[in-house]
Amino acid sequence: MNYEEYEINNVKVYIYKTTKFKTIKINMMLINEYSKNDFTKNRLLNRVLIRSTKKYDNQIKIGKKSIDLYNPSGNIFDSFKKYHEKNFTYTFLNEKYTEPGMNKKNIEFMFEVIFNPNIVEDHFEPINFNISKQMLESDYKMDEENPNYVADEIAYSLISEDLPCKLQKNGTREELKNIDEKELYNFYLKQIKNSEYKIFIVGDVDTEDILSILKQNLKDKNIKKISFKGENFIIKNKTKKPTEKIEKKPYNQSVLLIIYKIINMTEYEKNYVLPILNTLLGGNSFRLFNSIREKNSLAYYISTYTISNESVFEIEAGIAKSNLKKTVELVKKEIIDIKKANITNEEIKDIIEMNRSALDSLFDNLNSILGVLITMAHSNKEDPFKKFEKLKKVSKKEISKLAGKLNLDVIFLLEGTKNGNN
Amino acid sequence: METINLKIVNEKIIHEKLKNGLDVYIVRKKDFNGNNVRFFTKFGALDREFVPINEKSMAKMPSGVAHFLEHKLFEQESGISVDDYFKKTGSYINAFTNYKNTCYHFFCSKDLKKNLEFLLDFVQSPYFTDENVEKEKGIIVQEALMNLDDPDRKFYQTMLKNLFTTEYYDDPVVGNVEDIKNITKEDLYRCYNTFYHPVNMVLMVVTNLEEKEVLKIIKDNQKIKNYKKRFKINKKEVTEEDNVKKEYEELLEVVNEKRMSYALKINMNSFEEIRKVELYYYLDILLSNAVGSLSEFNLELREKNLINGNIQYEINFNKSKEKEYIIINFIIYPNNESKVIELLDKKLQKLSITEKDFNLFKKNIISNNLYQFNSINGTMAFLYGEYNFSGEIKSDCLDIAEKLSYKKEKEIIEKIPLENKSIVVMKPKMGN
């Protein structure tokens, strides 16, 4: 995948051109350090920033401005790894389909949201701040209604390693209560002033034109030249006896989470072998689905999830409590089977085929193209086509070796006490 | 074969009704690699009483039968696993059931011919035995229990149940646990044989291949299957009453946030001369302006801490025998529901809109239409949505938005009755 790279006022800009879509997508990423006290503040900050700006000082004005710009959509989300990445994504209709000058106006609007918040002296404007806070509190309450969310939070808190996934990265209702307008504004300023900035653009754009617009909008931002380099977490300590816990809640279904650490996973294994192991175990119509759902009717769903840069592998299933023992046994059985390299050629072929299909469709969607651009330009990963060639060469022995590194750390059941008696 | 040209977005849809009655729609997206296919029958959770084919009297089916049938079609007499088949070409297959339809859909980047033929073949080859039906019950019961943990499903279910006098909205699409356990293979065959005839089905394909090539694949596949000519399915059609079934209900659930549905039921008699999609747009503009997230009303309620989040709304149309209803449903997270109801009642009695705001929200609709065809999945979402909304897809379905007039909007405001309502409030259980 060929992309262009530039630098404007200490900001790296990456552009991938495609004429396939009617829209242009921009992602501005701020990279900085974080502490465990930052999660709730980040979530609240995102709310406050999209609600209003200095120029469009309530949700009606900002909403009507959006309509005027032909309904762009935007989002702010955080990712916490070794460092924190705050992503502002913004998608708008290319002016070829609307009217001249719209590209520039849209980018200016995006900058307005990021750099020109609705403040009064040294704090966020209180009415909008409080509405954002109420909305976030409501979100927390809704999160807590979801048994999968609750199960995740509890299970991950039991992990034996000090990993980012152990922390409550969505923040908490309790922390939210104590955050005021001034504190949050200072937190915002700290991020704006002490971040590394990168901009990623995908769409049918004229390079000169887009760089000129960015230059104009970045010129007075005083962005420092900083660089943060991400690293992976390598786990060396084995858990001898996993933490097993059952917690009862008034739900109908029980949620089972089985979490493994991956001991001494290499970079090669992380990039090429783990995706295959993940699909082999957790893919639709693969091992766990067939064994636990289809053959034994123990669960409506069973899936796997990896946090590869933290060496964590998760299995989640919706089961009845009475099936707990059998489900865990079957999971262990499948992993032992893979450790013994009892993997068929057919299975490997199917997994490769799924990856090939995903690769074919990668460039059909702006979101996935942006994802690839970020992975390559920011995380220094290779081109997905080259990656696929290496994926095809992964051997059963390598998969079996990685399965051998799975170390059971947590078995958690959120037991539903209602049992359908609703 | 007809060509439906959507000039505004520069897209073309090919449509043909085959000899066996199957309705086929094809859109070509030349620059894309993927293919998205949907094959659905107009048989859903509401279709519980009907005269099964080759029988004479009405039969009543247990709740959840349409959804159960959807699950069981994935089991083949040959023993070939449907999931495995699609897996081998790196494709993704799934299905869903709602109150009106059951839909089988896949996505693939290659081997469209093979996959499309297999989809048609497996959906058109039912295989139900006592053993395989029994085995599925465990899985579906788990699904039913999982749904019971979703308070929003119960909330939505209750809203439908109280709005409509037709009884089958009382039960969830997945069915009640006891009914699921009692479903037999005979039930499944009776439903299948009645509703899964091509005359009652629609096939939609979004592809990078040439439309004629795809149409030929479908025709060649269908012509060797001898479907007998079919007449109208005799479903028990209950005449829906104009009034709502229940005006107010409170639910106590394991939730943290109160939520409220304020739903209006409006007989479409007064709007017979206007197309549904046009009426939808006018209502959307009116409600966006009056109570939507960009309205002063919404902002006022939030600033006074009467609600959390924004007022959301949805506009649907519901047909019952010779009558059709507009359903406008406001979803609100109230802190003080009685005050919110009072204010919303008052607001709806005094609807108005300036010409400036009318034009702004009209622009909103036009912009949203431009975004639709930006991807394979977006294109399919448009086809499916438009067909289910209007019963067909016409070439001017997007042009309508450009022609909306302020004068007509004002006429609609004068005509629209907004008193017939049903309210559901879901509150946290004590000690929660």
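Residues numbered from 1 in each chain as written. Chains lettered and ligands numbered in written order. Predicted model: local features only at pLDDT ≥ 70, side-chain atom pairs only at ≥ 80, totals over all residues. Heavy atoms only, no water.

Engineer: Account for the pairing of strand 1 (residues 4–8) of chain A, naming residues and giving values.
Structural biologist: All names here are of chain A. In terms of strand pairing, strand 1 meets strand 2 (residues 11–17) through 5 bridges, oriented antiparallel. Paired with glutamate 7 across the two strands is lysine 12, which belongs to strand 2. The antiparallel hairpin formed by strand 1 and strand 2 contains 2 residues in its connecting segment, where asparagine 9 sits at a positive phi of about 50°. (Pairing = 2+ DSSP bridges. Helix = DSSP H or I, 4+ residues; strand = E, 2+ residues; numbered from the N terminus.)

Engineer: Give me the side chain of asparagine 87 of chain A: which residues, what numbers.
Structural biologist: Residue and element names in this part refer to chain A. Residue position: asparagine 87 is located in strand 5 (residues 84–93). A polar contact of 3.0 Å, which involves the side chain of asparagine 87, links it to the side chain of asparagine 27. If we ignore the near neighbours within four places in the chain, the residues touching asparagine 87 are Asn27, Met28, Met29, Asn75, Ile76 and Phe77. (Polar contact = N/O pair within 3.5 Å; in protein donor to acceptor, adjacent residues only side chain to side chain. Contact = heavy atoms within 4.5 Å.)

Engineer: An account of the packing of helix 1 (residues 65–72) of chain B against helix 4 (residues 130–148) of chain B is needed here, citing residue identities and associated values.
Structural biologist: All names here are of chain B. Where helix 1 meets helix 4, the axes come as close as 10 Å, and the angle between the chain directions of the two elements is 115°. At the point where helix 1 passes helix 4, the crossing takes the right-handed sense. Between helix 1, through His67, Phe68, His71 and Lys72, and helix 4, the contact on the second element is made entirely by Asn132, Val133, Glu136, Lys137, Ile139, Ile140 and Glu143. Among the residues making up the contact of helix 1 with helix 4, the classes are represented as 4 nonpolar, 3 polar and 4 charged. (Axes fitted to C-alpha atoms, helices over the stretch in contact; angles between N-to-C directions. Left-handed = near helix turned anticlockwise from the far one by under 90°. Nonpolar A, V, L, I, M, F, W, Y, C, P; charged D, E, K, R; others polar.)

Engineer: Now, about the environment of threonine 207 of chain B: what can you tell me, with residues and values included?
Structural biologist: Residue and element names in this part refer to chain B. Within the secondary structure layout, threonine 207 lies in strand 9 (residues 201–207). Taking relative accessible area as the criterion, threonine 207 reaches 0% and is therefore assigned buried. Threonine 207 sits 197 residues away from asparagine 10 along the chain, and the two C-alpha atoms are 16 Å apart. Sequence-distant contacts of threonine 207, that is, excluding residues within four places in its chain, are made with Ile26, Val27, Arg28, Lys29, Gly34, Asn35, Leu112 and Val214. (Buried < 20%, exposed > 50% of the residue type's maximum accessible area, 1.4 Å probe, protein only.)

Engineer: Account for the packing of aromatic side chains, with residues named and values stated.
Structural biologist: Residues and elements named next belong to chain A. All told, the structure shown has 46 aromatic pairs over all chains when counted by the stated rule. Seen from their ring centres, tyrosine 90 and phenylalanine 92 are 5.7 Å apart, and the 45° between their planes marks the pair as tilted. The class for phenylalanine 92 is buried, based on a relative accessible area of 0%. Ring centres of phenylalanine 124 and tyrosine 188 lie 6.0 Å apart, and the angle between their planes is 65°; this geometry places the pair in the edge-to-face category. Here phenylalanine 124, found in strand 7 (residues 123–124), pairs with tyrosine 188, found in helix 7 (residues 181–193); they are 64 residues apart in sequence, far enough to count as distant. (Phe/Tyr/Trp six-rings, centres within 6.5 Å; stacked < 30°, edge-to-face > 60°.)

Engineer: Describe unusual backbone geometry, with residues and values.
Structural biologist: Residue and element names in this part refer to chain A. Although it is not a glycine, serine 297 sits at a positive phi angle of roughly 50°. Among the structural elements, serine 297 can be located in the loop between helix 10 (287–295) and strand 11 (299–307). Assessed through its relative accessible area of 17%, serine 297 is described here as buried.

Engineer: Please provide a residue-by-residue account of the confidence of the model for chain B, values included.
Structural biologist: The predicted model of chain B has a mean per-residue pLDDT of 92, with 99% of residues at 70 or higher. Across the interfaces of the predicted complex, the ipTM metric reaches 0.87, alongside a pTM of 0.90. (pLDDT = per-residue confidence, 0-100.)

Engineer: Lay out the interface of chain A and chain B with the relevant residues and their values.
Structural biologist: In this complex, chain A contributes 63 residues to the contact, which on the side of chain B involves 63 residues. Taken together, the two surfaces of chain A and chain B that pack against each other cover about 5,400 Å², and 51% of this comes from carbon and sulfur. Three residues, Ile67, Glu145 and Tyr300 of chain A, lead the burial of chain A against chain B; their summed loss comes to 12% of the area buried on that side. Inspection of the region where chain A meets chain B yields 8 salt bridges. (Buried area = accessible area lost by both parts, 1.4 Å probe. Salt bridge = Lys/Arg side-chain N within 4 Å of Asp/Glu carboxyl O.)

Engineer: Go over the pairing of strand 7 (residues 92–97) of chain B with me, naming the residues and quoting the values.
Structural biologist: All names here are of chain B. Here strand 7 shows one buried face, formed by Ile93, Ala95 and Thr97, and one open face, formed by Tyr92, Asn94 and Phe96. Two strands pair when backbone bridges link them, and strand 7 and strand 8 (residues 102–108) are joined in this way by 6 bridges, in the antiparallel orientation. Looking at the pairing, phenylalanine 96 lines up with cysteine 103 of strand 8. Taking the residues between adjacent antiparallel strands as the criterion, strand 7 and strand 8 are bridged by 4 residues.

Engineer: Any details on the sheet that holds strand 9 of chain B? Residues and values, ideally.
Structural biologist: Residues and elements named next belong to chain B. Judged by pairing direction, the sheet is mixed, and its 7 strands sit side by side in the order 1-2-3-9-4-8-7 without closing on themselves. Looking along the sheet, the strands with just one partner apiece sit at the ends: strand 1 (2–6) and strand 7. Between one strand axis and the next, the sheet turns through 15° on average, direction left out of account. Relative to strand 9, strand 3 (residues 23–28) runs parallel, the two being bridged by 6 bridges. The residue of strand 9 that forms the bridge with aspartate 23 is valine 202.

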